[in-house]
2 protein chains.
Amino acid sequence: METKIAIQGIKGSFHHQVAEEFFAAPASLDECMSFESLVTSLKENKSEKGIMALENSIAGSIIPNYALIDHNNLHIIGEHYLDIHMNLMATKGQKIEDLREVHSHPIALLQCAVFFKKYPHIKLVESADTAETARRIKEGNLLRIGAVASPIAAKMYDLEILAAGIHTVKSNKTRFVIVKTQNKELPREEINKASVKFELDDTPGSLATVLNVMNNCKLNLTKIQSMPIIETPFQYSFFVDVVFAKYKHYEKAKKILELMTTHFKVLGEYKNGKL
Amino acid sequence: METKIAIQGIKGSFHHQVAEEFFAAPASLDECMSFESLVTSLKENKSEKGIMALENSIAGSIIPNYALIDHNNLHIIGEHYLDIHMNLMATKGQKIEDLREVHSHPIALLQCAVFFKKYPHIKLVESADTAETARRIKEGNLLRIGAVASPIAAKMYDLEILAAGIHTVKSNKTRFVIVKTQNKELPREEINKASVKFELDDTPGSLATVLNVMNNCKLNLTKIQSMPIIETPFQYSFFVDVVFAKYKHYEKAKKILELMTTHFKVLGEYKNGKL
C-alpha cells in the first residue's frame, strides 16, 4: 500500500518538494493547512508520516514545531535538508513592472527583501502559504499580483517565473524532519543521530557536566537550544542533537543522562541527512 | 534633556509599558512600526535607546531580533521582564454580548483562544498591532468591535475593559532588552549579566570545554542557543547569556574565550532584570 504523507501546505509547497526527494516510492499527500492539523492527521491515522520544517540557516529554529513534537510525543524518524530557491511568479505574459502586489509567506518575503528593494512600486503582502498564493493567482487568473514560491509551485499552477533565485542569502538550507507517532523505523546499525530533551537543576556547571559526559561517550553535539519551561518561566529545558558512529556509545550516554538530568526524553533516533 | 526611546508599536503597546516600568524619568517615545525601523531610529540618532522583545516564556526566543542586534552591532544595556496581561476592551457602555468582532495581533488572539471559545458569536480578526487596534476603535468610536490589548492601551485610548487577564497561560512573561548603538552605560560594579556570541570549530567536545571554562570562572549560564552561520549553513554560532557575582570573573572568562573561540563578540553587559 502507498504510504500517506502529511505535509504542511498544499501541493507545490517546499514540504511537497521534500516528500518527493525523501521518499523513493511515490506517496499520496495529505495537505494540512497548519502544523497543528498535520499532527492531528498523524494522531487520527489519516497519514502515516509527516514532514515538518524544523530549522533554517537564516532564522534558526522553528521553535513552535519543537513544542508540537514534544507535546504530542511524536518521533523524529528521519531528516532532510532542502536548498530553498525562491522565485517570483505570476500569470503568464506579465513583466515585473506590471506587478502591484506580491504575496507570500512572511519568511519568504523576508528572505527576498533585498530583491524587492529594487522595486519600490510593489507592495508586499503577507499570506499564509507560498504555494497556496500561487494556486490562488492561477484559479482567479489574477493580474498584477505575483507570488514568491518554489519552482514546483510554478509548474503545478502554470505560472511564469519572472525572476528565479531571488533570495538574498544564496545558501538557504532548511532542515525538515520526518515524524511519526511511533519510533519503530530503522535498525540500530543505521542510526547515527538522535534528538533528545532534558531539564537541569539550576546548579552552576550542570550543563557543562552533561556535555562532558556526551563527549566522553563519543557523541558529537550538532545543535543545542535552551527553552523556557512554560510553567516555570525562564527555567530552561534543553533540546540537543547529537551524532555518533556507534549506537552503543549513544545507548551508554542515554543511560547516564537519564540519571543525571530530569525529564530526559528521546525525540527521535534516525539517520543523518546529507547537507 | 529628556531621553528619546524607540519602541516597537505605538503608545499603549507592551513595549510602551516596558518603557514606563524601566525608565524612572518620563521619556518621549519614537513609535516604530517594525523592529527594523527601530534599529534605523537608533542608527540615525532619532532616538538614544530602543526596547526590543527578545524572548517569551511560551514561544521561546524571537530569533530575528537576535540577528538584528548582532548584524547592526547594537549593545544590550539592560533587560526587563514584563508579565503580559491580555485584556478585552471596547468603546464604553458595551457588554461582551454586544461585540461581534474582536481584533488583535495573531499571537495575542492565540494566547486568549480558550477565553473566546466561550463566546462563539465573536469573530476573531487578526490585526497588525494590539495598541493600534485599540486606537482605531477609539478614533472611529467603533461599536460592536473589541480589542485585545494591554491595560495601558485601555487607559491611553479611553476604552472600557470588559474582561481582564484573559490569556490562557497565566505565567506569560516576556523578556525585553534595552539597546543602544554604544555600550557605555553602567559602571562595572553594577554589571552582573552579559550576552555573548562566539563560533566554534567542529571539534568534538569544544562546547563542553567552553562551558567548563565559564564554570571555572564562576559564570552561571542562563541561556544558550546555537544558530546556524548563514554563510556556512549548519555550522553553528552560539548565543549565550551568563550571570556572575563579580565583573573581574567575567573579565577573566572573556579573555580566555577570546582565545578559545572564533569571532567572540559581546552583545551586551548589563544588570539582570527581576523576574
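Analysis parameters
- Residues numbered from 1 in each chain as written.
- Chains lettered and ligands numbered in written order.
- Predicted model: local features only at pLDDT ≥ 70, side-chain atom pairs only at ≥ 80, totals over all residues.
- Heavy atoms only, no water.
- Domains from an automatic or database assignment.
- Contact = heavy atoms within 4.5 Å.
- Buried area = accessible area lost by both parts, 1.4 Å probe.
- Salt bridge = Lys/Arg side-chain N within 4 Å of Asp/Glu carboxyl O.
- Nonpolar A, V, L, I, M, F, W, Y, C, P; charged D, E, K, R; others polar.
- Pairing = 2+ DSSP bridges.
- Helix = DSSP H or I, 4+ residues; strand = E, 2+ residues; numbered from the N terminus.
- Buried < 20%, exposed > 50% of the residue type's maximum accessible area, 1.4 Å probe, protein only.
- Axes fitted to C-alpha atoms, helices over the stretch in contact; angles between N-to-C directions.
- Arc of directions from axis to C-beta.
- 1 Å grid on protein atoms, 1.4 Å probe; cavity = no way out; pocket = protein on both sides within 12 Å on 5 of 7 lines; lining within 4 Å.
- Points joined across faces, edges and corners; volume = space filled by probe spheres on them.
- Core = buried A, V, L, I, M, F, W, Y, C linked by side-chain atoms within 4.5 Å.
- Phe/Tyr/Trp six-rings, centres within 6.5 Å; stacked < 30°, edge-to-face > 60°.

Colleague: Sorry, what's going on with the domain arrangement of chain A here?
Modeller: Many authors give the size of an interface as the accessible area that is lost as the parts come together. Residues and elements named next belong to chain A. What the domain assignment lists for chain A is domain 1 (4-84 + 172-180), domain 2 (87-164) and domain 3 (189-270). Every contact between the two is made by 15 residues of domain 1 and, on the other side, 12 residues of domain 2. Between domain 1 and domain 2 lies a buried interface of about 1,000 Å² when both sides are counted; carbon and sulfur atoms form 63% of it. Where domain 1 meets domain 2, there are zero salt bridges. In terms of residue class, the side of domain 1 that touches domain 2 is made up of five nonpolar, eight polar and two charged.

Colleague: Quick question: what am I supposed to make of the pairing of strand β7 (residues 101-104) of chain B here?
Modeller: Consecutive side chains along a regular strand alternate between the two faces of the sheet. All names here are of chain B. Here β7 runs beside strand β8 (residues 123-126); their pairing, made up of four bridges, is parallel. The residue bridging V102 from the neighbouring strand is L124, located in β8. Examined bridge by bridge, β7 and strand β9 (residues 145-149) share three bridges and lie parallel to one another. If you follow V102 over to β9, its bridge partner there is G146.

Colleague: Honestly, the pairing of β9(B) in this entry has me stumped. Any pointers?
Modeller: Residue and element names in this part refer to chain B. The element β9 is largely enclosed, with a buried count of five among its five residues. Of the two faces of β9, both are covered, the one formed by I145, A147 and A149 as well as the one formed by G146 and V148. When strand β6 (residues 87-90) meets β9, the two strands line up antiparallel, connected through three bridges. Each bridged residue has a counterpart across the sheet, and for L88 the counterpart in β9 is V148.

Colleague: Would you explain the sheet that holds β9(B) in this entry?
Modeller: Within a sheet, neighbouring strands are paired by backbone hydrogen bonds and run either parallel or antiparallel to one another. Residues and elements named next belong to chain B. An order of β8-β7-β9-β6-β10 is seen for the five strands of this open sheet, with the pairing classed as mixed. Single-partner strands in this sheet number two, and they are β8 and β10 (160-163). Strand after strand, the sheet turns through a mean of 35 degrees between neighbouring axes, direction not considered.

Colleague: Explanation requested: helix α2 (residues 35-43) of chain A in the structure shown.
Modeller: Note that an α-helix has 3.6 residues per turn; residues three or four places apart therefore point the same way. Residues and elements named next belong to chain A. Burial in α2 covers these residues: F35, L38, V39, S41 and L42. Across the axial projection of α2, the buried residues extend over an arc of 155 degrees, all falling on one side. Buried residues in α2 make contact with β1 (4-8), α1 (14-22), β2 (28-32), β3 (49-56), α3 (63-71) and β11 (173-180). Looking one or two residues beyond α2, the residue adopting positive phi is N45, at roughly 60 degrees.

Colleague: Could you clarify how one ought to interpret unusual backbone geometry in this entry?
Modeller: Trans peptide bonds make up the majority, and among non-glycine residues the majority have a negative phi. One non-glycine residue, A:N45, lies in positive phi territory at about 60 degrees. For A:N45, the position within the fold is in the loop between α2 and β3. Given the relative accessible area of 64%, A:N45 is considered exposed. Despite not being glycine, B:K218 shows a phi value in the positive range, around 65 degrees. Mapped onto the elements of the fold, B:K218 is located in the loop between α8 (206-216) and β13 (220-229).

Colleague: Would you take a moment to explain empty space enclosed by the protein for this structure?
Modeller: Applying the stated criterion to the full structure yields two cavities of 30 Å³ or more. By volume, the largest cavity amounts to about 40 Å³. For the lining of the largest cavity, the element with the highest residue contribution is helix α9 (residues 247-260) of chain A, accounting for four residues. A per-class count over the lining of the largest cavity returns eight nonpolar, no polar and one charged. Size it by volume and the second largest cavity reaches roughly 30 Å³. As for the second largest cavity, its lining consists of B:V196, B:M214, B:L219, B:V242, B:Y250, B:A253, B:K254, B:L257 and B:F264. Top contributing element to the lining of the second largest cavity by residue count: helix α9 (residues 247-260) of chain B, with four residues.

Colleague: How should I be thinking about the nonpolar core in this particular structure?
Modeller: It is characteristic of soluble globular proteins that their nonpolar side chains tend to be buried jointly. Of all hydrophobic cores here, the largest spans 71 residues; its most connected members are A:V179, B:I51, B:L88, B:V148 and B:I166. The residues touching B:I166, leaving out its near neighbours within four places in the chain, are B:M86, B:N87, B:L88, B:Q111, B:C112, B:F115, B:F116 and B:V148. If you look at the next biggest cluster of nonpolar residues, it comprises 50 residues, including A:L200, A:V213, B:L207 and B:V240.

Colleague: How do you make sense of the packing of aromatic side chains when you look at a structure like this?
Modeller: Given two aromatic rings, one states the distance between the centres and the angle between the planes to describe the pair. Counted according to the given criterion, the structure contains 16 aromatic pairs over all chains. Aromatic pair B:F115 and B:F116: ring centres 5.1 Å apart, planes at 85 degrees, arrangement edge-to-face. Taking the relative accessible area as the measure of exposure, B:F115 reaches 11% and is therefore buried. Overall, the relative accessible area of 5% leaves B:F116 in the buried class. Joined through ring pairs, the aromatic side chains of A:F115, A:F116 and A:Y119 make up one cluster.

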